[in-house]
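These are the residues of each chain, in order.
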Amino acid sequence: MREGINDIYCSLREGFKGDLLRPGNPSYEDARAIWNGMVAKRPGLIACCTDVADIQAAVRTAFDSKILTAVRCGGHSLAGFSSCEGGLVIDLSRMREVTVNADARRATFAGGCLLGSIDTATQKAGLVFPSGVVSHTGASGLILGGGTGWLTRRLGLSCDNVEACTLVTANGCIVRCDSRENEDLYWGLRGGGGNFGIVAEFEVKLHALSAVTLVEGLTPEPHIQRLLEFWKEFMADAPLDLKWNIDLRIAPPGGQKIPRELCRRPVASSSLVWTGDPEAGRRYLRQAISLCNPESVNQRVVSFLHLQTMADFCFPHGRRYYTKSGYFTHLDDDTIGRLLEGLGSIPSW
Ligand SMILES: Cc1cc2nc3c(=O)[nH]c(=O)nc-3n(C[C@H](O)[C@H](O)[C@H](O)COP(=O)(O)OP(=O)(O)OC[C@H]3O[C@@H](n4cnc5c(N)ncnc54)[C@H](O)[C@@H]3O)c2cc1C
């Protein structure tokens, strides 16, 4: 039988160490907000877990009561999967502990970590866990869906670097999943998304890296088609140390390194990251920016933490976001034509 939210609150209160927030509680409004302001759901109860026993208690209560339930790490699901209307949110945002074993190049971190919490801890030892490009993104949602970022070409997806997970299953049990124990779950968790249970802790591989060469530049509209064709040929053979992202956009009305003639004009904005020896990368970077406006080019060596946080301000919390995305197996002429068509219809910067 379905229980009311008050019954669920009362049964969960026994022994739960974190906060249980209901509408009306002074902390409720902040706690219910997720990154995408377009998703304004009002859960009946937010269970802010402090440890794995709290997660187990919340999961068991959800299971017994059959209440609509959502799990939240960083709250960055664009579709708002980490909230629900009237139901229970199991919130892991107080579980952000990271432990680094520098000698073994391994880390363990809790299921509520943001990417920034992991980067800050691992960089103290000059090590990295390959993840996404915005530091306030939740690690759990990102890893469980695969996880791409600046280091993907060189080090694989985030989920490729997961050695083991500690999971709370739907019946509230704790299981370990790795290549020897519960291998099927371990396989599913690395890219299969949520819904296999709640990951309380990840164990991951780390890699040595503390600085990269970063080059940014703008290509004016008449050369964008040639740039995309060049990118396709060039990246097919480029070393894995090179990552080259291109955004088609309208250049802002002003700012550092934006030549006056490109302001408010359609451009291709390139960001290139070279993770290897800077001297060895020089040749590739020079070739790659050959179609950029020379005045717009900015090349420098930056710390890994700078790289990981430089886009944070572009994606503030609470705006009403709507996005669509797709994967291409290759970039053919028709796709390039469509991309250029799309660029022509962007209304603003
Ligand atoms: C600004 C921004 C930048 C992004 N950049 C990148 C990027 O560079 N690379 C990339 O690959 N993706 C990127 N993404 C996409 C991002 O990886 C997904 O939106 C991801 O789901 C966010 O994770 P989260 O923990 O914040 O999400 P949440 O909204 O908290 O959760 C998302 C889903 O994961 C489930 N979940 C959360 N925690 C757990 C857990 N511990 N155990 C089991 N299930 C759980 C939830 O139930 C929900 O279904 C970005 C998204 C945003 C908004």
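Preceding block: the structure.
Source: prediction; values computed, not measured.

Reading the values: rules and limits
- Residues numbered from 1 in each chain as written.
- Predicted model: local features only at pLDDT ≥ 70, side-chain atom pairs only at ≥ 80, totals over all residues.
- Heavy atoms only, no water.
- Helix = DSSP H or I, 4+ residues; strand = E, 2+ residues; numbered from the N terminus.
- Expected span 1.5 Å × (residues − 1).
- Buried < 20%, exposed > 50% of the residue type's maximum accessible area, 1.4 Å probe, protein only.
- Polar contact = N/O pair within 3.5 Å; in protein donor to acceptor, adjacent residues only side chain to side chain.
- Pairing = 2+ DSSP bridges.
- Axes fitted to C-alpha atoms, helices over the stretch in contact; angles between N-to-C directions.
- Contact = heavy atoms within 4.5 Å.
- Phe/Tyr/Trp six-rings, centres within 6.5 Å; stacked < 30°, edge-to-face > 60°.
- Lys NZ or Arg CZ within 6 Å of the ring centre and 35° of its normal.

Novice: Help me out: how do you make sense of helix α3 (residues 52-65) in this one?
Specialist: Working note: α-helix, 3.6 residues per turn, so residues spaced by three or four point in the same direction. For α3, which comprises 14 residues, the first-to-last C-alpha distance of 20 Å matches the rise-based estimate of 20 Å (1.5 Å per residue) to within 8%. For α3, the complete set of buried residues consists of Asp 54, Ile 55, Gln 56, Ala 58, Val 59, Thr 61, Ala 62 and Ser 65. Two or three places before Ala 53, at the start of α3, stands the capping residue Asp 51, its side-chain oxygen 3.2 Å from that residue's backbone nitrogen. Where α3 terminates, the next one or two residues include Lys 66, which has phi positive at roughly 60 degrees.

Novice: What is the right way to read the sheet that holds strand β13 (residues 242-250) from this model?
Specialist: Sheet strands pair via backbone hydrogen bonds, and the direction of the pair is either parallel or antiparallel. Taken in spatial order, the 4 strands make up an open sheet running β13-β14-β12-β15, and their pairing is antiparallel. In this open sheet, the two edge strands, each paired with only one partner strand, are β13 and β15 (298-303). Between one strand axis and the next, the sheet turns by 20 degrees as a mean value, whatever way the strands run. Bridge count for strand β12 (residues 211-220) against strand β14 (residues 266-274) is 8 bridges, and the pairing is antiparallel. Counted as the bridge partner of Thr 219 is Ala 268 from β14. Relative to the sheet, helix α9 (residues 278-288) contacts β12, β13, β14 and β15, its axis offset from that of β14 by approximately 165 degrees. Lying over the sheet, helix α11 (residues 333-344) contacts β13 and β14, oriented at roughly 45 degrees with respect to β13.

Novice: Please clarify how the side chain of Asp 54 should be interpreted in this entry.
Specialist: Secondary-structure assignment places Asp 54 in helix α3. For Asp 54, a relative accessible area of 0% puts it in the buried group. A polar contact of 2.9 Å, which involves the side chain of Asp 54, links it to the backbone nitrogen of Lys 17. Not counting residues up to four positions away in its chain, the partners in contact with Asp 54 are Gly 15, Phe 16, Lys 17, Gly 18, Cys 48 and Cys 49.

Novice: Looking at this structure, I do not really get the packing of aromatic side chains. What am I missing?
Specialist: For any pair of aromatic rings, geometry is given as the distance between the ring centres together with the angle between the planes. The final tally for this structure, using the stated rule, is 7 aromatic pairs. Note on Trp 35 and Tyr 321: the rings are 3.9 Å apart at their centroids and 15 degrees apart in plane angle, and the pair reads as stacked. Linking Trp 35 in the loop between α2 (28-32) and β2 (45-48) with Tyr 321 in the loop between α10 (304-309) and α11, this pair joins segments that are 286 residues apart in sequence. Both residues of the pair, Trp 35 and Tyr 321, belong to the buried class. Of the aromatic side chains, those joined through ring pairs into one cluster are Phe 109, Phe 129 and Phe 202. Just above the ring of Tyr 9 sits the side chain of Arg 22; from NZ or CZ to the centre is 3.5 Å.

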